[in-house]
Amino acid sequence: MAETPIKIYGDALSTTSGTTIYTGKTGKTCIIKSIIICNVSGVDTTVNMRLNTGPLYFLLHNKSIKANQTLVIPISDIVISPEETLHMWCANSIVNARITGVEKDGIPSSLGLAQYRVGLGTGTTTIVPAAGNGVNRLVKSIVICNVSSGPQTVTIRFGWSGDNCNLINKYTIAGNDTVLIPFADMFISPNEYIEGWTSTAGNAQVHVVMQEATNA
């Protein structure tokens, strides 16, 4: 299937909350590959980035960027489905952003992709369920965004329920910080699943992208 590199966005960010910078195209899947932001002003500010308008799933939440600072944001392989929207804005001008990705022909399911977005609770929360179709899967991306101003501790387990499956254990994420978990291409069998929890319900938003694993 055709894959086309694209510039998702490349300009100064608006200071209007919720500004749409990209809308998924009909019949195409967009995959974010890189995000770079630069504060070209002499004033510290914050940047927000989220998917869709409801429910709200943030990739960046009040992310601080100092005067004249450039940040490479650790977010990769986030999937945007047809008609989904990507929103980005800053508190004070001027912050420039350049976002690169690829567009592929077909919707995510036709490409063997599935995205999961979950706000973690304080109890065990399913992030990725077991596969009902009996297909093996690979974890392509895990991004966790703390949407609160205070630190959050996050635990995520892979495979089964039980502490012997914890691969992220009481990991502290600073207030309004975003982390990319480098577990790319972890193998998950059809009857395995991913679950987790956080210290304050709803404050840790998890984005996971899975790819069906098929024999070449």
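Each remark here, short or long, concerns the structure printed above.
Quantities reported herein were computed from a predicted structural model and do not represent experimental measurements.

Caption draft 1: Just the overall build of the protein chain, in detail. Tallying secondary structure elements over the protein chain gives 0 helices and 18 strands in all. Computed over the C-alpha atoms, the radius of gyration of the protein chain is 17 Å, within 12% of the 17 Å expected from 2.2 N^0.38 for a compact globule of 216 residues. Taking the intrachain contacts of the protein chain between residues at least 6 apart in sequence as the baseline, contacts between residues at least 24 apart amount to 81%. Accessible surface computed for the protein chain: about 9,500 Å², of which carbon and sulfur atoms make up 51%.

Caption draft 2: How the structure looks around the pairing of strand β4 (residues 45-51). In terms of burial, β4 is a largely internal element, 6 of the 7 residues being buried. Counted between consecutive antiparallel strands, the loop separating β4 from strand β5 (residues 57-65) contains 5 residues, among which N52 sits at a positive phi close to 70 degrees. With 5 bridges joining them, β4 and strand β8 (residues 85-90) adopt antiparallel strand pairing. By the bridge assignment, M49 is partnered in β8 with M88.

Caption draft 3: Layout of the layout of surface pockets. Counted as a void, the largest pocket has a volume near 150 Å³. Secondary-structure elements contributing two or more residues to the lining of the largest pocket are β10 (113-119) and β18 (204-212). Taken together, the residues of the lining of the largest pocket sort by class into 8 nonpolar, 4 polar and 2 charged.

Caption draft 4: How the structure looks around the packing of aromatic side chains. Considering all chains together, one arrives at 3 aromatic pairs under this definition. Arranged with centres 6.5 Å apart and planes meeting at 65 degrees, the rings of F58 and W89 form a pair that is edge-to-face. One end of the pair, F58, is in strand β5; the other, W89, is in strand β8, with 31 residues separating them in the sequence. Residue F58 shares its accessibility class with W89, and that shared class is buried. Consider the rings of W160 and Y193, whose centres lie 6.3 Å apart with planes at 85 degrees: the pair is edge-to-face. Here Y193 lies in strand β17 (residues 193-198) and W160 lies in the loop between β13 (152-159) and β14 (166-173), a separation of 33 residues in the sequence.

Caption draft 5: Spatial organisation of the sheet that holds β17. If you trace the 4 strands from one edge of the open sheet to the other, you get β11-β17-β13-β14, paired in antiparallel fashion. Looking at the sheet topology across the chains shown, the edges are occupied by β11 (125-128) and β14. Neighbouring strand axes in the sheet, compared pairwise and without regard to direction, differ in orientation by 25 degrees on average.

Caption draft 6: Summary view of the pattern of salt bridges. With the rule as written, the count across this model stands at 9 salt bridges. As a salt-bridge pair, K104 and E3 come within 3.5 Å of each other at their nearest N and O atoms. In this pair, K104 sits in strand β9 (residues 95-105) while E3 sits in strand β1 (residues 3-12), placing the two residues 101 residues apart along the sequence. Judged by its relative accessible area of 23%, K104 is partly exposed. Here D105 and K28 are joined by a salt bridge, their closest N and O atoms 2.6 Å apart.

Caption draft 7: A look at the side chain of N203. Residue position: N203 is located in the loop between β17 and β18. Apart from the residues within four sequence positions on either side, N203 is in contact with C145, N146, V147, S148 and Q152.

Caption draft 8: Expanded view of the sheet that holds β5. With antiparallel pairing, the 4 strands of this open sheet are ordered in space as β2-β8-β4-β5. Edge positions in the sheet fall to β2 (20-23) and β5, since each has one partner strand and no second. Ignoring strand direction, the axes of neighbouring strands in this sheet form an average angle of 10 degrees.

Calculation criteria
Residues numbered from 1 in each chain as written. Predicted model: local features only at pLDDT ≥ 70, side-chain atom pairs only at ≥ 80, totals over all residues. Heavy atoms only, no water. Helix = DSSP H or I, 4+ residues; strand = E, 2+ residues; numbered from the N terminus. Rg over C-alpha atoms; globule rule 2.2 N^0.38 Å. Contact = heavy atoms within 4.5 Å. Areas by Shrake-Rupley, 256 points an atom, 1.4 Å probe, with all protein chains shown as cover. Buried < 20%, exposed > 50% of the residue type's maximum accessible area, 1.4 Å probe, protein only. Pairing = 2+ DSSP bridges. 1 Å grid on protein atoms, 1.4 Å probe; cavity = no way out; pocket = protein on both sides within 12 Å on 5 of 7 lines; lining within 4 Å. Points joined across faces, edges and corners; volume = space filled by probe spheres on them. Nonpolar A, V, L, I, M, F, W, Y, C, P; charged D, E, K, R; others polar. Phe/Tyr/Trp six-rings, centres within 6.5 Å; stacked < 30°, edge-to-face > 60°. Axes fitted to C-alpha atoms, helices over the stretch in contact; angles between N-to-C directions. Salt bridge = Lys/Arg side-chain N within 4 Å of Asp/Glu carboxyl O.

This is a description of form; function is not addressed.
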